[in-house]
Amino acid sequence: MKIVKLKDLTIDGKGTYGIAAPAVDWQENLPTYLRITDIFDDGTLNFSGLKSVSDSNAGKYFLKPNDIVFARTGGSTGRSYFYDGTDGKFVYAGFLIKFSLDSKKVNPKYIKYFCLSESYKKWVHSFNTGSTRGNINAQTFGNLEIPLLERPQQDKIVSFLDSIDQKIKINKKTNDNLLDQMQALYKSWFVDFLPFDGVRPESWTKTDIYSLANIIYGAPFASKQFNAAGEGKPIIRIRDLKDQQFATYTTEVHPKGYLLQPGDIVVGMDGEFRPYIWGNDEAWLNQRVCVFENKRPNGKAFLYFTIKPLLYSIEQTQVATTVIHIGKKDYDAFEITLPDTTTLDNFDALTSPMIMQIVSNSFENKRLSSMRDALLPKLMSGEIDVSSIQL
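Summary of the structure given here. Please read all numbers here as calculations on a predicted model, not as lab measurements.

1. With respect to the overall build of the protein chain
Stage number 1. A tally of regular secondary structure across the protein chain gives seven helices and 19 strands.
Stage number 2. The C-alpha radius of gyration computed for the protein chain amounts to 23 Å, which stays within 12% of the reference 21 Å derived for 391 residues, consistent with globular compactness.
Stage number 3. Its C-alpha atoms put the protein chain at 75 × 50 × 45 Å along the principal axes.
Stage number 4. For the protein chain, the residues scored as buried account for 48% of the 391 residues in total.

Structural data, given as structure tokens:
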């Protein structure tokens, strides 16, 4: 094994900063804009809020296969995304630094996996000062030292780890497809009223959200109750909602706390307003996070797609404020149309299996991610022979 600097594994020997241009709402005729906020900690993309860029120079900043980008500043410093061309076409933003990997010098995906390793994370962490996340510039990233195995070993490791990531990607796409199907069903039944000859049945009633669900708010855990070692149950904060990965745990039992269950619908109350179907282990709700506890156990899909536009409409009324927040008064003002019980039961019969599949796929992804992350350092150190491992 030899130690090689990142810049020496690239085509041009340097890193390049992205375009400094504002994002605009996504449009099909404009390039898709890749920003730090579009990248998860595990190197995958968040496709739910992609934006476009309309700058005339955008064409100079398209990613090409075997490019890898790094977040250079803020709370996400060091976060990386490897581009293989399968996720679409992207223009990378100014707070990202791009390196174009040379496939003759290294298996490019080997660098992708190195940048998910604990060794890399410790390197990034070394630039932090107290509670402040350090900035890392292109020159410093270029001097990142990478332990490089022989090419046959690189190829074997990449082949094995990539097979895991492909399974994760398929599960995510399946979940997205299931959500799209349920959204289409919901619109057909409860917006366009197609099963009812295009007319809303008179038996359906206008009511408040509390006729459908109880809203349970998270409880504040004291910092002394936190356990970063991963013991006990996780505490869900707003920042944990998107990727459903945990940073904080507790062995305490909060007397006023709520234990989030798989399949629950959870919403952040500051900034992160979209509802999420919880697809992970039991977890305590922290303050500023709430769960919509459905009064009909099998009616999660109807609840999810009913509150989604309501949350969006509230968010749009607050776009000019410094701190966007949703509170009890907003939920009290929710007005919904509640169909008759038979219609709801029929909708539940179609959608409940889809919800269960989404949760099952999410758990499968958690298992696969955990296995990948546990094996990664041992594979890259040569401690484990990848040919001896079975999925």
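2. Section: the layout of surface pockets
Stage number 1. Estimated volume of the second largest pocket: approximately 190 Å³.
Stage number 2. Lining the second largest pocket are 15 residues, and of these Y186, F190, T306, I336 and T337 sit closest to its centre.
Stage number 3. Per element, the largest residue contribution to the lining of the second largest pocket is five residues, and it comes from helix α5 (residues 300-317).

3. Re the side chain of T343
Stage number 1. Along the chain, T343 turns up in helix α7 (residues 341-380).
Stage number 2. Look at T343 and you get buried, because its relative accessible area is 7%.

4. A look at the sheet that holds strand β14 (residues 259-260)
Stage number 1. Read across the open sheet, the four strands follow the order β13-β12-β17-β14; overall the sheet is mixed. Two strands close off the open sheet at either side, each with one partner strand: β13 (249-250) and β14.
Stage number 2. Two strands pair when backbone bridges link them, and β14 and strand β17 (residues 283-285) are joined in this way by two bridges, in the antiparallel orientation. Bridging from a neighbouring strand, L259 pairs with W284 of β17.

5. Here we look at the environment of Y249
Stage number 1. When you line up the elements, Y249 lands in strand β13.
Stage number 2. On the accessibility criterion, Y249 (18% relative accessible area) is buried.
Stage number 3. Counting along the chain gives 108 residues from Y249 to F141, while the straight-line C-alpha distance between them is 32 Å.
Stage number 4. Leave out the neighbours within four places in its chain, and Y249 touches Q225, F226, N227, G230, E231, G232, K233, P234 and I235.

6. Regarding the pattern of salt bridges
Stage number 1. Counted according to the given criterion, the structure contains 20 salt bridges.
Stage number 2. Two residues, K109 and D84, come together in a salt bridge whose shortest N-O distance is 3.8 Å. One end of the pair, K109, is in helix α1 (residues 108-114); the other, D84, is in the loop between β6 (80-83) and β7 (90-92), and 25 residues separate them in sequence.
Stage number 3. Taking relative accessible area as the criterion, D84 reaches 26% and is therefore assigned partly exposed.
Stage number 4. When the shortest N-O distance is used, the salt bridge between D264 and K300 registers 3.9 Å. A residue pair is termed long-range when its members are at least 10 positions apart, and D264 in the loop between β14 and β15 (265-268) and K300 in helix α5 qualify at 36 residues.

7. Some remarks on the packing of aromatic side chains
Stage number 1. Within this structure, the stated rule accounts for 27 aromatic pairs.
Stage number 2. Taking 6.0 Å as the distance between ring centres and 55° as the angle between the ring planes, the aromatic pair formed by W189 and F190 counts as tilted.
Stage number 3. One aromatic cluster is present, built from ring pairs that chain together Y186, W189, F190, F193, F196, W204, F302, Y304, F305 and F347.
Stage number 4. Between K89 and the ring centre of F62, over which it is positioned, the NZ or CZ distance is 4.7 Å.

Rules used throughout
- Residues numbered from 1 in each chain as written.
- Predicted model: local features only at pLDDT ≥ 70, side-chain atom pairs only at ≥ 80, totals over all residues.
- Heavy atoms only, no water.
- Helix = DSSP H or I, 4+ residues; strand = E, 2+ residues; numbered from the N terminus.
- Rg over C-alpha atoms; globule rule 2.2 N^0.38 Å.
- Buried < 20%, exposed > 50% of the residue type's maximum accessible area, 1.4 Å probe, protein only.
- 1 Å grid on protein atoms, 1.4 Å probe; cavity = no way out; pocket = protein on both sides within 12 Å on 5 of 7 lines; lining within 4 Å.
- Points joined across faces, edges and corners; volume = space filled by probe spheres on them.
- Pairing = 2+ DSSP bridges.
- Contact = heavy atoms within 4.5 Å.
- Salt bridge = Lys/Arg side-chain N within 4 Å of Asp/Glu carboxyl O.
- Phe/Tyr/Trp six-rings, centres within 6.5 Å; stacked < 30°, edge-to-face > 60°.
- Lys NZ or Arg CZ within 6 Å of the ring centre and 35° of its normal.

Purely geometric numbers; function is a separate question.
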